[in-house]
There are 2 protein chains.
Amino acid sequence: MSKQRIAVGLCGLGTVGSGVVTLFERHGAALATRCGCPVELTHIGARRDRPDCDTSGYNVSRDIFAVVADPEIDIIVELIGGTTTAYDLVAQALEAGKHVVTANKALMASRGNELAALAEQKGVALRFEAAVAGGIPVIKTLRESLAANAIDSIAGIINGTGNFILTEMAKAGRAFEDVLSEAQALGYAEADPTFDIDGTDAAHKLVILATLAFGIPLDIDGPFTEGINSVAPEDLHFAEELGYVIKHLGIAQRVGGQVDLRVHPTLIPRDKQIATVDGVLNTVMVRSDAVGELVLVGPGAGALPTASAVCGDVTDIAQHVARGTTDARPVLGLPTQALQSLPRVSRDDVQSEWYLRMVVSDQPGAMADITRLLGNEGISIESLIQRPPKSGAKEVSVVIITDRASGSGIQRAVDAIEQLEALAGSITMLRVEAFEGS
Amino acid sequence: MSKQRIAVGLCGLGTVGSGVVTLFERHGAALATRCGCPVELTHIGARRDRPDCDTSGYNVSRDIFAVVADPEIDIIVELIGGTTTAYDLVAQALEAGKHVVTANKALMASRGNELAALAEQKGVALRFEAAVAGGIPVIKTLRESLAANAIDSIAGIINGTGNFILTEMAKAGRAFEDVLSEAQALGYAEADPTFDIDGTDAAHKLVILATLAFGIPLDIDGPFTEGINSVAPEDLHFAEELGYVIKHLGIAQRVGGQVDLRVHPTLIPRDKQIATVDGVLNTVMVRSDAVGELVLVGPGAGALPTASAVCGDVTDIAQHVARGTTDARPVLGLPTQALQSLPRVSRDDVQSEWYLRMVVSDQPGAMADITRLLGNEGISIESLIQRPPKSGAKEVSVVIITDRASGSGIQRAVDAIEQLEALAGSITMLRVEAFEGS
């Protein structure tokens, strides 16, 4: 049965929610043309008003569950964030036979398996393009365009706030706290930026990408995660001097029959495409058997780019609802029952080159000891910077790029080096990814 | 009515066709899982066998129309190329209520309006992701992901052969004919590479992108088109010296209520992302109101990348057919009757910076005359290279980058300069695009 009108309910009126209101106002007529009938935002659920968002033309409820209970609504847009109320909201909407569009990566990463199964059972759509990489259509690309590919790896800059902070620290020499405040003022970072800084947000997104890429269930505990707070300003400077940039990467790759999932600051040769993606931009690089390498670059945060992804999903769903059918393609690419867990590679086993930064007393023999302890683990040095001590200082910074070594091998060498009398403090360790071939 | 099995018929067994056979063999089981029932390539129509493609497991017809007539077939994949037989084949398939996937840009650009209208009338899908930029999901991105955006402009490297040739000429200093032969041997270029060289192939793709971006009917005569054969090896060298690379770009942009469509070799500052896309890679940069700038980079030609796009479309369609529904989203983004023509910007009016290369007798006053004639049109010089004459030679090469000028303004200045006695031969003119902001 085709519809005369499709009604959309919006739950949550934060940065992205107000962007959705803007896009419906701007492009509502075009959406109606695409869908063959009006697609209207009719009901907004928000605990409070936003001074910058005029909702006078809409039915506004303070209780977001009133939007889900509204029998007129065909599609629920969930933008309240969090994983408890948001879960209840989405589950109730799906139970009621409504289609759902969400930008909530934490919800999808933590409870997406249940929600996808529920959507399948109810024969409705659950879409989440906006949950990863803002305005970049990476979900659609993995879920649909690359359907006939075996994905080998994904590497991405998938937290705009983190990339903005690292870029400004590296290029403008600004302090972490200063850049973070600006990111919050610009609406990139959440009021509580903990998840941006400690890598949790990127890990949630990586979990989603890994499921679409490898056909594994969503597993929020899957990735090894390290935040940008482990990067000191001097690391950015030394990296530059050595021909690298430091990016906060999410990496998902197949290694034999296992999956390697990790989020951490990473040195990348500065001539690689991914190294040139600065500021609030995100990028996702996908390597697969048929296409080879595909790189997508675009804004990973902000009201309108993220709202664009939400509205793209709404349009996909609405084009089907308008014709009386359902876009019942599997939520996670495969039917949930076909998702199969794969063992995780231990991070002890993952090989890479390594960046080591240490402070060493300027005493004879120290460098020989360090070289010998690396050599004991079969690790050679590719590049080394040793600064002469500042006048009067007894200590110097030593920075080393090693050749490839496993996580456990480098850790044994680092533990041994830290025992040297010449060492002051602990050693900073960062992985280096060469991305050969790109 | 849901299906027990979906049967796919393949017409045409060239480079891409054999890639489709490979991907069905490799990923057929995964496609079945995605779709909920087997999706099988059952019938191949090809005038002759390919030694590198084993078709012994398939029903093979020498008459491709036998595939369309096969009542078992749900989805026809058209890879025969050309616009006459291919049109008849696709039209017959649509008339018979079959879904069609094609990689044929010439067909879509020249007769896609009729075919899209026919598909709409018959309630079947017509998909063509593989027609533009090989393995890059640019059609899906424009048609679906950016549905809630007003597109301002598209700029792309959308002919892999042309980019491969320009890259090899610039980086390895190789001769045009030599690189072209290699491109043909590698399967990038067609046996008859005319359309790759003269810009026709890129123009076909640009026509398709412009329709999806601006909601205008497909108009094969829309773009102004210039091929890579207007680029001499010395232009590549001078461009490099001035901090640019030369890329063969397709550009589609809104200018007021008009549309500017053009394909030509273009100087781009070498630090722009699009300038770093080399070899057989393609890229498409889309600027729109909500997302801002989105850049997609990937392989634009080759058997498997293009076959990946074909199989992505097949999967989209099959996921619906398997459930007894149809993916009846509008073929061209909007219903064909909603497409509206926009006037074209005259290329005389399009402003850009310009690269001019000329051969000048080394006589006093020549440079003053050239500068004066540019100045008469209000055009100033941004950069200039003048080489001292080789010993014994009386003529020197002069290369100029101007500031912004319209096509008609620069043409008047060039016509006047060519009248100077000091000028030997005609002036090479290339546009410079700064892509500010990216």
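Residues numbered from 1 in each chain as written. Chains lettered and ligands numbered in written order. Predicted model: local features only at pLDDT ≥ 70, side-chain atom pairs only at ≥ 80, totals over all residues.

(A) Structural context of the overall build of chain A. Across its full length, chain A carries 13 helices and 17 strands. Against the 2.2 N^0.38 benchmark of 22 Å for 438 residues, chain A shows a C-alpha radius of gyration of 24 Å, consistent with a compact globule. Seen through its principal axes, chain A has C-alpha atoms that stretch 85 × 45 × 35 Å. In chain A, the proportion of contacts linking residues at least 24 apart, taken out of those at least 6 apart, comes to 75%. (Helix = DSSP H or I, 4+ residues; strand = E, 2+ residues; numbered from the N terminus. Rg over C-alpha atoms; globule rule 2.2 N^0.38 Å. Contact = placed C-beta atoms within 7 Å.)

(B) Structural context of the sheet that holds strand S3 (residues 59-61) of chain A. Spatial strand order, S3-S2-S1-S4-S5-S6 (chain A): six strands in an open sheet with parallel pairing. Among the strands making up the open sheet, the edge pair consists of S3 and strand S6 (126-127) of chain A. (Pairing = 2+ DSSP bridges.)

(C) Highlighting helix H13 (residues 407-418) of chain A. Residues and elements named next belong to chain A. The end-to-end C-alpha separation of H13 is 16 Å, in line with the 16 Å expected for 12 residues at 1.5 Å each. Turning to H13, its buried residues number three or more, namely Gly 407, Gly 409, Ile 410, Ala 413 and Ile 417. Down the axis of H13, the buried side of the element spans an arc of 165 degrees, and every buried residue falls inside it. (Expected span 1.5 Å × (residues − 1). Buried ≥ 20, exposed ≤ 12 C-beta atoms within 10 Å, placed from the backbone. Arc of directions from axis to C-beta.)

(D) View of the interface of chain B and chain A. In this assembly, 49 residues from chain B lie in contact with 48 residues from chain A. Where the side of chain B that touches chain A is concerned, the elements lending two or more residues are helix H1 (15-35), helix H5 (138-145), strand S12 (292-299) and helix H11 (303-321) of chain B. The element best represented in the side of chain B that touches chain A is H11 of chain B, accounting for nine residues. Grouping the constituent residues of the side of chain B that touches chain A by class yields 24 nonpolar, 18 polar and seven charged. Where strand S12 (residues 292-299) of chain A lies against S12 of chain B, three bridges are found, and the strand directions are antiparallel. Counted as the bridge partner of Leu 296 of chain A is Leu 296 of chain B from S12 of chain B. (Nonpolar A, V, L, I, M, F, W, Y, C, P; charged D, E, K, R; others polar.)

(E) Quick look at the domain arrangement of chain A. Its domain assignment divides chain A into domain 1 (6-134 + 303-338), domain 2 (138-299) and domain 3 (351-432). Relative to domain 3 of chain A, the C-alpha centre of domain 1 of chain A lies at a distance of 51 Å. (Domains from an automatic or database assignment.)

(F) Examining the packing of helix H12 (residues 366-376) of chain B against helix H13 (residues 407-418) of chain B more closely. All names here are of chain B. Orientation of H12 relative to H13, taken along the N-to-C sense of each, is 150 degrees, at an axis distance of 8 Å. By the angle between their directions, the pair H12 and H13 is classed as roughly antiparallel. Crossing of H12 over H13 shows right-handed handedness. Taking contact as the criterion, the partners of Ile 370, Leu 373, Leu 374 and Asn 376 in H12 are, on H13, Ala 413, Ala 416 and Ile 417. Residues that form the contact of H12 with H13 fall into these classes: six nonpolar, one polar and no charged. (Axes fitted to C-alpha atoms, helices over the stretch in contact; angles between N-to-C directions. Parallel < 35°, antiparallel > 145°, perpendicular 65-115°, else oblique. Left-handed = near helix turned anticlockwise from the far one by under 90°.)

(G) Up close: unusual backbone geometry. Residues and elements named next belong to chain A. You will see that Ala 133, though not glycine, has its phi angle at about 65 degrees, which is positive. Within the element layout of this structure, Ala 133 appears in the loop between S6 and helix H5 (138-145). Taking the C-beta count within 10 Å as the criterion, Ala 133 has 33 such neighbours and is therefore assigned buried.

(H) Region of interest: the pairing of strand S9 (residues 244-255) of chain A. All names here are of chain A. Burial within S9 is extensive, with 10 of its 12 residues counted as buried. Pairing geometry for strand S7 (residues 151-157) and S9, over four bridges, is antiparallel. Bridging across to S9, Ala 155 finds its partner in Ile 251. Sheet analysis places S9 next to strand S10 (residues 258-269), joined by 12 bridges and oriented antiparallel. Bridging from a neighbouring strand, Lys 247 pairs with Thr 266 of S10. Turn length for the S9-S10 hairpin, with the two strands adjacent in sequence and antiparallel, is two residues, and the turn residue Gly 256 shows positive phi of about 60 degrees.

(I) Layout of the pairing of strand S17 (residues 423-432) of chain A. Residues and elements named next belong to chain A. As defined by bridge partners, S10 adjoins S17 across two bridges and the pair is classed as parallel. Bridge pairing links Thr 266 to Arg 431 in S17. In the sheet, strand S13 (residues 351-361) pairs with S17 via seven bridges, with the strands oriented antiparallel. Residue pairing across strands places Arg 357 opposite Thr 428, the latter belonging to S17.

(J) Representation of H5 of chain A. Counting buried positions along H5 of chain A gives eight out of eight residues, so the element sits mostly inside the fold. Along H5 of chain A, the residues that are buried comprise Val 138, Ile 139, Lys 140, Thr 141, Leu 142, Arg 143, Glu 144 and Ser 145 of chain A. Packing partners of the buried residues in H5 of chain A comprise helix H9 (200-214), strand S11 (281-288) and S12 of chain A together with H5 and H11 of chain B.

(K) A look at the nonpolar core. Of all hydrophobic cores here, the largest spans 306 residues; its most connected members are Val 77, Leu 209 and Val 310 of chain A together with Val 77, Leu 209 and Val 310 of chain B. Contacts of Val 310 of chain A, omitting those with residues within four sequence positions, involve Val 16, Val 20, Val 77, Val 101, Ala 103 and Ala 130 of chain A. (Core = buried A, V, L, I, M, F, W, Y, C linked by C-beta atoms within 7 Å.)

(L) Region of interest: the relation of the copies chain B and chain A. Between chain B and chain A, the superposition needs a rotation of 180 degrees and an axial shift of 0.0 Å, giving an RMSD of 0.0 Å. Such a combination of turn and shift is consistent with a two-fold rotation axis. Minimal C-alpha distance to the rotation axis in chain B is attained by Leu 296 of chain B, lying at 2.3 Å. Interface residue correspondence from chain B to chain A reaches 98%, placing this contact among same-surface, isologous pairings. (Least-squares fit on C-alpha atoms with pLDDT ≥ 70 in both.)

(M) Representation of the environment of Ile 410 of chain B within the structure. Residue and element names in this part refer to chain B. By the element assignment, Ile 410 lies in helix H13. With 72 residues separating them in the primary sequence, Ile 410 and Ala 338 have C-alpha atoms 38 Å apart. Apart from residues lying up to four places away in sequence, Ile 410 is in contact with Trp 354, Ile 379, Thr 402, Ala 405 and Met 429.

(N) Broad picture of the environment of Ser 145 of chain B. Note that Ser 145 of chain B resides in helix H5. Once residues lying within four places of it in the same chain are set aside, the contact partners of Ser 145 of chain B are Pro 137, Lys 140 and Gly 312 of chain A together with Lys 140 of chain B.

(O) Fine view of the sheet that holds strand S6 (residues 126-127) of chain B. Residue and element names in this part refer to chain B. Strands sit in the order S3-S2-S1-S4-S5-S6 across an open sheet of six strands; the sheet is parallel. The sheet terminates laterally at strand S3 (59-61) and S6, the two strands that pair on one side only. Where strand S4 (residues 75-78) meets strand S5 (residues 99-102), four bridges bridge the pair, whose relative direction is parallel. Residue pairing for S5: Glu 78 is matched across the bridge by Thr 102.

(P) Structural detail: the environment of Pro 71 of chain A. All names here are of chain A. Relative to the helices and strands, Pro 71 resides in the loop between helix H2 (65-69) and strand S4 (75-78). Taking the C-beta count within 10 Å as the criterion, Pro 71 has 7 such neighbours and is therefore assigned exposed. Put simply, Pro 71 and Lys 98 are 27 residues apart on the chain and 9.4 Å apart in space, counted from C-alpha to C-alpha.

(Q) Representation of the confidence of the model for chain A in the model. In the predicted model, chain A carries a mean pLDDT of 94, and 99% of its residues have values of at least 70. Interface confidence in the predicted complex, given as ipTM, is 0.95; pTM for the same model is 0.96. (pLDDT = per-residue confidence, 0-100.)

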